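Letter by letter, the chains look like this.
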There are 2 protein chains.
Amino acid sequence: MPRIEGTNSILHPQYIVGFVDGEGCFCVIISKHNTLKSKKEVRCIFEIEVREDDKPILEAIKKTLGCGKIYLLDYTRYSKWRAHAKFKVSNLPEIINKIIPFFEKNQLKAKKRKSFEIFKKIALMIQNKDHLHLKGIEKIEALRNKMNK
Amino acid sequence: MPRIEGTNSILHPQYIVGFVDGEGCFCVIISKHNTLKSKKEVRCIFEIEVREDDKPILEAIKKTLGCGKIYLLDYTRYSKWRAHAKFKVSNLPEIINKIIPFFEKNQLKAKKRKSFEIFKKIALMIQNKDHLHLKGIEKIEALRNKMNK
């Protein structure tokens, strides 16, 4: 089992499961294709957003999961909002090879588990290129509508 | 190490640390005494609030920590807010004997760790009855102002 020594080190998997049950998001975004307007694009994104001063915990999560990127979000338009930091995994191979196996091995316990199960199905459908035909897109849309309710 | 089998069972301590780093709150409330208006009351409260459909995770946390109570919060006044559930520990002996030792053994990693350290100091000052004299109250107020910044 990995040792825990502050946020610079590898985190215990159960720590990540608890943090993600509270703060994580499994998102599926369906949008029109940039150039082929009749086509739709589907993207799976796993992300965690926290206040900027908690960025070190995102760095430790990134290191432990071995994928993803961290972005700083500066909400200057909203004067009452502090800057946030976001850990984001949107690369499909990373989702398939890192994120899904991690949460299959270390199961979520709150309602986010249901979102993860749908997210996983859709990611595998994209890998299988089901999103490139109408029937697949319809199935993906129906699944996505069941998420985060 | 405790086994994890769904939310009815004991949770791994690191799961709780991760969840609390995301969603927990260490609060210190200073208010005027109900009858002796010149005196102040100080209360330490540890709480976690989630949407009502995640109440089972609070039940598992309550079971694992061996203290606290769960409340349902019905925000009918705010039509867009769903009902929430809150796990709350406000009993001082439970805070001293259960909550503080748990988070000393299983250290928080995000900025909430600083809030916990101040919360712990204030809880021990209350146990020591420092809150019953002016100098103690002033020190508690100064400490409290450093929390959750």
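On a predicted model such as this, the values are computed, not experimentally measured, just so you know.

Novice: How should I be thinking about the sheet that holds strand β3 (residues 69-73) of chain A in this particular structure?
Specialist: Hydrogen bonds between backbone groups are what pair the strands of a sheet, and the pairing can be parallel or antiparallel. Residue and element names in this part refer to chain A. Taken together, 4 strands build an open sheet; the order of strands is β1-β2-β4-β3 and the sheet is antiparallel. For this open sheet the edge positions go to β1 (24-32) and β3, each flanked by a neighbour on one side alone. Looking at each pair of strands side by side, their axes are set apart by 35° on average, direction ignored. Note: strand β2 (residues 40-51) against strand β4 (residues 84-89), 6 bridges, orientation antiparallel. When the sheet's bridge partners are listed, Phe46 is paired in β4 with Val89. Across the sheet, helix α3 (residues 92-105) is in contact with β2 and β4; its angle to β2 comes to roughly 60°.

Novice: Any chance you could explain unusual backbone geometry here in plain terms?
Specialist: The bulk of non-glycine residues show a negative phi, and the bulk of peptide bonds are trans. Phi at Lys129 of chain A is positive, roughly 65°, even though this residue is not glycine. Topologically, Lys129 of chain A is positioned in the loop between α4 (112-127) and α5 (134-144).

Novice: I tried to follow the interface of chain B and chain A on my own but got confused; where do I start?
Specialist: A common way to express how large an interface is: the accessible area buried when the components associate. With 17 residues of chain B at the interface, the matching set in chain A holds 17 residues. The dominant element in the side of chain B that touches chain A, judged by the number of residues it contributes, is helix α1 (residues 13-23) of chain B, at 9 residues.

Novice: Mind showing me how you'd approach the packing of α4 of chain A against α5 of chain A here?
Specialist: Each pair of packed helices can be described by the angle between their axes along with the distance between the axes. Residues and elements named next belong to chain A. Closest axis-to-axis distance for the α4/α5 pair is 10 Å, and the angle between their directions is 165°. Relative to α5, α4 is oriented roughly antiparallel. The handedness of the crossing between α4 and α5 is left-handed. Seen from α4, the contacting residues are Ile118, Lys121, Ile122 and Met125; seen from α5, they are Gly136, Ile140, Leu143 and Arg144. Looking at the contact of α4 with α5 residue by residue, the class counts come to 5 nonpolar, 1 polar and 2 charged.

Novice: Can you walk me through the relation of the copies chain B and chain A in this structure?
Specialist: One copy of the chain maps onto the other through a rotation about an axis followed by a shift along the same axis. Each copy of the sequence occupies a distinct position, and chain B is placed on chain A by a rotation of 180° and an axial shift of 0.0 Å, giving an RMSD of 0.0 Å. What the rotation and shift describe, once combined, is the action of a two-fold rotation axis. By residue overlap, the copies meet face to face through one surface: 100% of the interface positions of chain B are interface positions in chain A.

Novice: Explain the sheet that holds strand β4 (residues 84-89) of chain B to me, please; I cannot follow it from the model alone.
Specialist: Residues and elements named next belong to chain B. With antiparallel pairing, the 4 strands of this open sheet are ordered in space as β1-β2-β4-β3. Whereas interior strands pair on both sides, the edge strands pair on one side only; in this sheet they are β1 (24-32) and β3 (69-73). Strand-to-strand twist across the sheet, computed as the mean angle between neighbouring axes with direction ignored, equals 35°. Sheet topology note: the β3/β4 ladder contains 5 bridges and is antiparallel. Within β4, the residue paired with Lys69 across the bridge is Lys88. Contacts from helix α5 (residues 134-144) reach β1 and β2 (40-51) within the one sheet, and its direction differs from that of β1 by about 140°.

Novice: How should the confidence of the model for chain A be read in this particular structure?
Specialist: Atom-level detail of predicted coordinates should not be read off regions where pLDDT is low. Residue and element names in this part refer to chain A. Per-residue confidence for chain A gives a mean pLDDT of 89; residues scoring 70 or more make up 87%. Ranking the helices and strands of chain A by mean pLDDT puts α3 first, with 98, and β1 last, with 93. What the predictor reports for the complex is a pTM of 0.88 with an ipTM of 0.86.

Novice: Looking at this structure, I do not really get the packing of helix α1 (residues 13-23) of chain A against α1 of chain B. What am I missing?
Specialist: Their axes nearest at 6 Å, the elements α1 of chain A and α1 of chain B cross at an angle of 35°. Here α1 of chain A and α1 of chain B pass one another in a crossing that is right-handed. For the pair formed by α1 of chain A and α1 of chain B, the contact residues are Gln14, Tyr15, Ile16, Val17, Gly18, Phe19, Asp21, Gly22 and Glu23 of chain A on the first element and Gln14, Tyr15, Ile16, Val17, Gly18, Phe19, Asp21, Gly22 and Glu23 of chain B on the second.

Novice: For this particular structure, what's the right way to read the environment of Pro56 of chain A?
Specialist: Residue position: Pro56 of chain A is located in helix α2 (residues 55-65). Classification of Pro56 of chain A by C-beta neighbours within 10 Å gives partly exposed; the count is 16.

Novice: What's the story with the nonpolar core in this structure? I'm lost.
Specialist: It is characteristic of soluble globular proteins that their nonpolar side chains tend to be buried jointly. One finds Ile61 and Ile122 of chain A together with Ile61 and Ile122 of chain B to be the most contacted residues of the largest nonpolar core, which totals 62 residues. Setting aside anything within four residues of it in sequence, one finds Ile61 of chain A in contact with Leu11, Ile16, Ile48 and Phe87 of chain A.

Basis of the calculations
- Residues numbered from 1 in each chain as written.
- Chains lettered and ligands numbered in written order.
- Predicted model: local features only at pLDDT ≥ 70, side-chain atom pairs only at ≥ 80, totals over all residues.
- Pairing = 2+ DSSP bridges.
- Helix = DSSP H or I, 4+ residues; strand = E, 2+ residues; numbered from the N terminus.
- Axes fitted to C-alpha atoms, helices over the stretch in contact; angles between N-to-C directions.
- Contact = placed C-beta atoms within 7 Å.
- Parallel < 35°, antiparallel > 145°, perpendicular 65-115°, else oblique.
- Left-handed = near helix turned anticlockwise from the far one by under 90°.
- Nonpolar A, V, L, I, M, F, W, Y, C, P; charged D, E, K, R; others polar.
- Least-squares fit on C-alpha atoms with pLDDT ≥ 70 in both.
- pLDDT = per-residue confidence, 0-100.
- Buried ≥ 20, exposed ≤ 12 C-beta atoms within 10 Å, placed from the backbone.
- Core = buried A, V, L, I, M, F, W, Y, C linked by C-beta atoms within 7 Å.

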